Amino acid sequence: MLAEKFNSFRSGPDERGHFGIFGGRFVAETLMPLILDLEKHYEAAKKDPAFKAELDHLLTHYVGRPSPLYYAERLTEQLRQKSAETGGRGGAKIYFKREELNHTGAHKINNVLGQILLARRMGKTRIIAETGAGQHGVATATACARFGLECIVYMGSVDVERQKPNVFRMNMLGAKVVPVQSGAKTLKDAMNEALRDWVTNVDDTFYCIGTAAGPHPYPAMVRDFQCVIGDETRKQMQEIEGRLPDSLFACIGGGSNAIGLFHPFLDEPSVEIYGVEAAGYGLDKQHAASLAGGRPGVLHGNRTYLLMDSDGQIEEGHSISAGLDYPGIGPEHAWLKETGRVTYLSATDAEALAAFQLCAKLEGIIPALEPAHALAKVAEIAPQKQQDHLLVVNISGRGDKDIFTVADHLGGM
Ligand SMILES: *Cc1c(COP(=O)(O)O)cnc(C)c1O
């Protein structure tokens, strides 16, 4: 391990936003004053107990936190049987961190509320956001409705067509959805458009980013807001089992639900950590696994691993799960991969579909297709662990939004 080199994995980023060679803020000069202003206000808010108290109050009474840490007994039993049949080591005890029970059905609201409270502190009245599958757009529209703020959501026109129910939801919440016609008309293009809006509306506008990516301080700020997931898990596991978990699993789109669970455990060498990217049709075909199949480059204001062609042009990711097809990944994950602290795996569409069904039938919990990717790797690795191994998988969202996609693939409707 690189333990001598990094005396703390939790210390990053440096003051310019670098996680090793990753991160930073590669933005137009016109955007710099906005980013510096945001950073200054975030640093002040972090130290203000009133800010934390207001956020905690909302997380409790509006979101419904803490989310349970649930022992998935039947999944555990099934995988222990598999362990016995395949000569495994007994099979781990599996816990679900139930982020799918949050208001709006996923972890995204944790981050959005943090950013919206910050926007209010800064006196901003107009909130902009990008969205791909629509989940971050819905969470942002929700928080804006709650605080009476104007909300504009940029969404690729292809995604507007693919994700109709979430477009209706945003409209009902009073947000304006702007279809983006440039590029591939998906998430990357929506994010470009939002950044463009931000530089042209400098006075009243706050850009609420949906994952642990973008220019510094966003990756660290979004991580901080999502750390409630890992902080709660640590406390809950202590209460239930009297010790730390042995391994953590989470799916990775941009990486926010994963870093939120992982970060509070990074300096615990006994805790194994696994991030799961979307391998789509397979790593040798179309996929969305930026770490496994991409190269370092610069996109959306930071240096990280990206899916690129040989000319350095960004390629579209593919995943059955619209929330995982971002062609990049948050810079802290790029760094955690290089340092070896986190092991990054990938699951195909087919593996995620199988895990989705397993979870629904054994636990009565329909997971989103995103965490089904993490569950797919749990199903592989849990049987190789001993029975006293405590495993936690983050169920980042619920699967109601995905039932038609799954039915299409299974030919069930
Ligand atoms: C958006 C989303 C993801 C992917 O985003 P991360 O920033 O990687 O967490 C994962 N799960 C669900 C349920 C989502 O809505």
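None of these values were measured; they are calculated from a predicted model.

What counts, and at which threshold
Residues numbered from 1 in each chain as written. Predicted model: local features only at pLDDT ≥ 70, side-chain atom pairs only at ≥ 80, totals over all residues. Heavy atoms only, no water. Helix = DSSP H or I, 4+ residues; strand = E, 2+ residues; numbered from the N terminus. Polar contact = N/O pair within 3.5 Å; in protein donor to acceptor, adjacent residues only side chain to side chain. Contact = heavy atoms within 4.5 Å. Buried < 20%, exposed > 50% of the residue type's maximum accessible area, 1.4 Å probe, protein only. Patch = residues over 30% accessible without salt bridge, like charges linked within 9 Å, V, L, I, M, F, W, Y side chains within 5 Å. Areas by Shrake-Rupley, 256 points an atom, 1.4 Å probe, with all protein chains shown as cover. Salt bridge = Lys/Arg side-chain N within 4 Å of Asp/Glu carboxyl O. Pairing = 2+ DSSP bridges. Axes fitted to C-alpha atoms, helices over the stretch in contact; angles between N-to-C directions. Phe/Tyr/Trp six-rings, centres within 6.5 Å; stacked < 30°, edge-to-face > 60°. Lys NZ or Arg CZ within 6 Å of the ring centre and 35° of its normal.

Undergrad: Would you mind going over the side chain of T205 with me for this structure?
TA: Along the chain, the position of T205 falls in strand 8 (residues 205-207). Separated by 3.2 Å, the side chain of T205 and the backbone oxygen of N201 make a polar contact. Ignoring any residue separated from it by four or fewer positions in sequence, one finds T205 in contact with K124, R126, I128, D197 and W198.

Undergrad: Explanation requested: the environment of I395 in the structure shown.
TA: Of note, I395 is situated in the loop between strand 14 (390-394) and helix 16 (403-410). I395 gets classed as buried once you look at its relative accessible area, which sits at 0%. On a C-alpha basis, the gap between I395 and Y95 in space is 9.8 Å, while along the polypeptide they are 300 residues apart. The contact partners of I395, leaving out residues within four places of it in the chain, are F96, K97, R98, E99, E100, P367, P371 and L375.

Undergrad: Would you take a moment to explain a nonpolar patch on the surface for this structure?
TA: Together, I366, I403 and F404 line one region of the surface with nonpolar side chains, adding up to about 280 Å² of accessible area. In this fold, I366 is placed in the loop between helix 14 (349-363) and helix 15 (369-381). Under the relative-accessibility criterion, I366 is labelled partly exposed at 42%.

Undergrad: How should I be thinking about helix 13 (residues 331-339) in this particular structure?
TA: The α-helix advances 3.6 residues per turn, and as a result positions three or four apart in sequence lie on the same side. Counting buried positions along helix 13 yields 7 of 9 residues, so the element is predominantly enclosed. Among the residues of helix 13, P331, E332, H333, A334, W335, L336 and T339 are the ones counted as buried. Just past helix 13, the residue G340 takes up positive phi, approximately 85°.

Undergrad: What's the story with the sheet that holds strand 3 (residues 69-71) in this structure? I'm lost.
TA: Paired through backbone hydrogen bonds, the strands of a sheet run either parallel or antiparallel to each other. Ordered by their spatial adjacency, 6 strands build an open sheet running 3-4-14-9-10-13, and the pairing between neighbours is mixed. Lying at the two open borders of the sheet, with one neighbouring strand each, are strand 3 and strand 13 (343-348). Taking the axes of each pair of neighbouring strands and ignoring which way they run, one obtains an average angle of 25° across the sheet. Strand contacts of helix 15: strand 4 (93-97), strand 9 (247-251), strand 10 (272-280), strand 13 and strand 14, with the helix running at about 145° to strand 9, the strand carrying the most contacts.

Undergrad: It is not clear to me how the packing of aromatic side chains should be interpreted in this structure. Could you clarify?
TA: Given two aromatic rings, one states the distance between the centres and the angle between the planes to describe the pair. On inspection of all chains with the given rule, the structure shows 11 aromatic pairs. Consider the rings of F51 and F225, whose centres lie 6.4 Å apart with planes at 45°: the pair is tilted. Taken together, the residues F51 in helix 2 (residues 49-63) and F225 in helix 9 (residues 218-226) connect sequence positions 174 residues apart. By the ring-pair criterion, three or more aromatic residues cluster together here, those being F9, F19 and W335. The ring of Y70 is capped by R98, whose NZ or CZ atom sits 5.5 Å from the centre of that ring. When the ring centre of Y305 is taken as reference, the NZ or CZ atom of K337 above it lies at 5.7 Å.

Undergrad: Looking at this structure, I do not really get the pattern of salt bridges. What am I missing?
TA: Once their charged atoms are close, side chains differing in charge can pair, the charge on each being opposite to the other. What the rule picks out here adds up to 28 salt bridges. Its salt-bridge partner being K97, residue E232 comes within 2.7 Å of it at the nearest N-O pair. Residue E232 is found in helix 10 (residues 228-241), and its partner K97 is found in strand 4; the two are separated by 135 residues along the sequence. Under the relative-accessibility criterion, E232 is labelled buried at 12%. A salt bridge links E370 to K401; the shortest N-O distance between them is 2.9 Å. Separated by 31 residues along the polypeptide, E370 in helix 15 and K401 in the loop between strand 14 and helix 16 bring together distant segments of the chain. Accessibility expressed as a relative area gives 9% for E370, which makes it buried. The class of K401 is partly exposed, set by a relative accessible area of 26%.

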